[in-house]
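Now for the letters of each chain:
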Amino acid sequence: MGKKSMKLGIGIHRLTKEERIENGKIYGKLGGNVTAEKKAKTFTLISPSGEIMTIKNLTKFCRDNNLTRSNIQSVIRGDRIQHKGWRTP
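This is a predicted model, so every value here is computed, not measured.

K.L.:
Can you walk me through the packing of aromatic side chains in this structure?
P.N.:
Inspection of the entire model under this criterion finds one aromatic pair. When the ring of Phe 61 is compared with that of Trp 86, the centres are 5.1 Å apart and the planes differ by 85°; the resulting orientation is edge-to-face. Pair noted here: Phe 61 is in helix α4 (residues 58-64) and Trp 86 is in the segment after α5 (69-77), with a separation of 25 residues, a long-range link. In this structure Phe 61 comes out as buried when scored by relative accessible area, which is 10%. Overall, the relative accessible area of 8% leaves Trp 86 in the buried class.

K.L.:
What's the story with α5 in this structure? I'm lost.
P.N.:
Residues that lie three or four places apart on an α-helix share one face, since the helix turns once every 3.6 residues. Along α5, the residues that are buried comprise Ile 72, Ser 74 and Val 75. Taken around the axis of α5, the buried residues stretch over an arc of 155°, which confines them to a single face. Summarising the contacts, the buried residues of α5 are in contact with β1 (42-46) and α4. Looking one or two residues beyond α5, the residue adopting positive phi is Gly 78, at roughly 100°.

K.L.:
Sorry, what's going on with the side chain of Ser 74 here?
P.N.:
With respect to the helices and strands, the residue Ser 74 is situated in helix α5. Owing to a relative accessible area of 12%, Ser 74 belongs among the buried residues under this scheme. The contacts of Ser 74, once residues within four sequence positions are left out, are Asp 79 and Arg 80.

K.L.:
Would you mind going over the pairing of β1 with me for this structure?
P.N.:
Along any regular strand, the residues point their side chains to alternate faces of the sheet. Here five bridges tie β1 to strand β2 (residues 52-56), and the two strands are oriented antiparallel to one another. Along β2, the bridge assignment pairs Leu 45 with Met 53. Taken together, β1 and the strand that follows it, β2, pair antiparallel across an intervening segment of five residues, in which Gly 50 is found at a positive phi of about 100°.

K.L.:
It is not clear to me how the confidence of the model for the protein should be interpreted in this structure. Could you clarify?
P.N.:
When pLDDT drops low, the exact placement of atoms in the prediction is not to be read closely. Averaged over the protein, the pLDDT score is 79; the fraction of residues at 70 or greater is 65%. Put simply, helix α1 (residues 3-8) is where the protein has its lowest mean pLDDT, 53, and α5 is where it has its highest, 95.

Rules behind the numbers
Residues numbered from 1 in each chain as written. Predicted model: local features only at pLDDT ≥ 70, side-chain atom pairs only at ≥ 80, totals over all residues. Heavy atoms only, no water. Phe/Tyr/Trp six-rings, centres within 6.5 Å; stacked < 30°, edge-to-face > 60°. Helix = DSSP H or I, 4+ residues; strand = E, 2+ residues; numbered from the N terminus. Buried < 20%, exposed > 50% of the residue type's maximum accessible area, 1.4 Å probe, protein only. Arc of directions from axis to C-beta. Contact = heavy atoms within 4.5 Å. Pairing = 2+ DSSP bridges. pLDDT = per-residue confidence, 0-100.

This is how it looks when you write it as structure tokens:
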């Protein structure tokens, strides 16, 4: 038995598929959104209109704003000055 199944006091092989999925969500093994939110980093960018914005989860931000993630990463690193008007403060 693994450490987590020992903590639960049961063998993992005795759980139903639904119980294993639920346990995975609780302990972060499954449920991509939960894990993605935990790992998301925070960035500060200036929008094309001049607003200073704090962004968490760069991939989601780029998808929502029709930006290329790799180009925004280059702006954050300092390799590019701007991407579609977005720049660093």
